Amino acid sequence: HCMLWGGSRSGKTFLIVRKIVERALKCQSRHAILRFRFNHVIASVAMDTLPKVMKICFPGAIGKLDKQLWCYRLPNGSEIWFGGLDEKERTEKILGQEYVSVYLNECSQIPLSSRDIAVTRLAQKTGLPLKMYYDCNPPSKAHWAYQVFYQHREPESKQPLADQHLFGVVKINPRDNVENLAGDYIRELENQSGRMRRRFLEGEYGEVAPGALWTEEMIDKYRTDGDEELPDMQRIVISVDPSGASEEDNKENDEIGIAVIGLGVDGRAY
């Protein structure tokens, strides 16, 4: 079990995809790259990172992407399957096969139960050792990834991991990848709030707020992106938490919180 954790745009996904392709080229084998949202793994890995990896690192071994099955086939017959864990039928199809490598991309969004099921699919018998790969921008310390890879204990039983030597961690941050980033990217991260800076620039796990109703993991798990069309809203509310952060004698106050909340016609809140 190998975890790459750290800040945003540090090259974590590129490094793991490169390693999976390297393993796939050694012998005919099957590999899975999974994320919570299916459309996210397709857009960010299948259509973006993988083509870059093949062009830069393996120019003589270009394969073919089957966009019906979302499977990338290499010249030696190895397969790299892409899947999301957000839809039962699709998940069962992907997890109905055995793999020699399983990669959980952005595992901060993936529930522990889905992770545990994915591990059971790590069973293909080839000449390669079985490998689980994970990456994430660190969420809070309540997340299972922190408990497994940092505290070395089972998240549910709270017992020490039986085989701690099988779990390894590498921390990598944007400054480690600065030569591949736009010139102002690091500066933009440095200008973020303290919480965002610690997570996306410094790659640090967040503290758990006692009694919090909404955790960072919950928000990340159900976050939408700019490509998803939102439903019409039945009602929209704008809320403000005026902390008085700009007052000279209250500089240590929290930042002012502003949230726009909509109740969609689908019954979900956004």
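Residues numbered from 1 in each chain as written. Predicted model: local features only at pLDDT ≥ 70, side-chain atom pairs only at ≥ 80, totals over all residues. Heavy atoms only, no water.

Caption draft 1: Looking closely at the pattern of salt bridges. This model, assessed by the stated rule, comprises ten salt bridges. Here Lys-171 makes a salt bridge to Glu-204, at a shortest N to O gap of 2.7 Å. Note that Lys-171 is positioned in strand E8 (residues 168-171) and Glu-204 in the loop between helix H7 (194-200) and helix H8 (216-221), a separation of 33 residues in sequence. For Lys-171, a relative accessible area of 40% translates into the label partly exposed. Assessed through its relative accessible area of 37%, Glu-204 is described here as partly exposed. Note that Glu-202 is salt-bridged to Arg-175, the shortest N-O span being 3.3 Å. With Glu-202 in the loop between H7 and H8 and Arg-175 in the loop between E8 and helix H6 (185-190), this pair connects stretches of sequence that are 27 residues apart. A residue is classified by how much of its surface remains accessible, and Glu-202, at 30% relative accessible area, is partly exposed. By relative accessible area, which is 42% here, Arg-175 ends up partly exposed. (Salt bridge = Lys/Arg side-chain N within 4 Å of Asp/Glu carboxyl O. Helix = DSSP H or I, 4+ residues; strand = E, 2+ residues; numbered from the N terminus. Buried < 20%, exposed > 50% of the residue type's maximum accessible area, 1.4 Å probe, protein only.)

Caption draft 2: Spatial organisation of the sheet that holds strand E7 (residues 131-136). Taken in spatial order, the eight strands line up as E3-E4-E5-E2-E6-E7-E1-E8 in an open sheet, and their pairing is mixed. Both outer strands of the open sheet, strand E3 (64-66) and E8, are each paired with one neighbouring strand and no more. Each neighbouring strand pair of the sheet contributes to a mean axis angle of 15 degrees, computed without reference to strand direction. In this fold helix H1 (residues 12-26) packs onto strand E1 (2-5), strand E2 (30-35), strand E5 (79-84), strand E6 (101-104) and E7, with an angle of close to 165 degrees to the strand it touches most, E7. (Pairing = 2+ DSSP bridges. Axes fitted to C-alpha atoms, helices over the stretch in contact; angles between N-to-C directions. Contact = heavy atoms within 4.5 Å.)

Caption draft 3: Spotlight on H1. In this model H1 runs 22 Å from its N-terminal to its C-terminal C-alpha over 15 residues, within 8% of the 21 Å that 1.5 Å per residue would give. Those residues of H1 hidden inside the fold are in contact with E1, E2, helix H2 (38-57), E5, E6 and E7. (Expected span 1.5 Å × (residues − 1).)

Caption draft 4: Representation of the packing of aromatic side chains. Under the criterion given, the structure shown has eight aromatic pairs. With a centroid separation of 6.0 Å and an interplanar angle of 65 degrees, the aromatic rings of Tyr-134 and Trp-144 are classed as edge-to-face. Here Trp-144 lies in helix H5 (residues 144-149) and Tyr-134 lies in strand E7, a separation of ten residues in the sequence. Of the residues examined, Tyr-134 reaches a relative accessible area of 0% and is grouped as buried. Trp-144 sits in the buried class, given a relative accessible area of 5%. Here Tyr-146 and Tyr-150 contribute two aromatic rings whose centre-to-centre distance is 4.7 Å and whose plane-to-plane angle is 20 degrees, an arrangement assigned as stacked. Put simply, the rings of Trp-5, Tyr-146, Tyr-150 and Tyr-205 pair up and form one aromatic cluster. (Phe/Tyr/Trp six-rings, centres within 6.5 Å; stacked < 30°, edge-to-face > 60°.)

Caption draft 5: How the structure looks around the packing of H1 against H2. Two elements in contact, H1 and H2, have axes whose closest approach is 10 Å; the angle formed by their N-to-C orientations is 65 degrees. For H1 against H2, the interelement crossing comes out right-handed. For the pair formed by H1 and H2, the contact residues are Thr-13, Phe-14, Val-17, Arg-18 and Val-21 on the first element and Val-45, Thr-49, Leu-50, Lys-52, Val-53, Met-54, Ile-56 and Cys-57 on the second. The residue inventory of the contact of H1 with H2, partitioned by class, reads nine nonpolar, two polar and two charged. (Left-handed = near helix turned anticlockwise from the far one by under 90°. Nonpolar A, V, L, I, M, F, W, Y, C, P; charged D, E, K, R; others polar.)

Caption draft 6: Representation of the pairing of E7 in the model. Burial of E7 is extensive: five of the six residues sit out of reach of the surface. Note: E1 against E7, four bridges, orientation parallel. Bridging across to E7, Trp-5 finds its partner in Cys-136. Of the pairings in the sheet, the one linking E6 to E7 comprises four bridges and is parallel in character. Bridging across to E7, Leu-104 finds its partner in Tyr-134.

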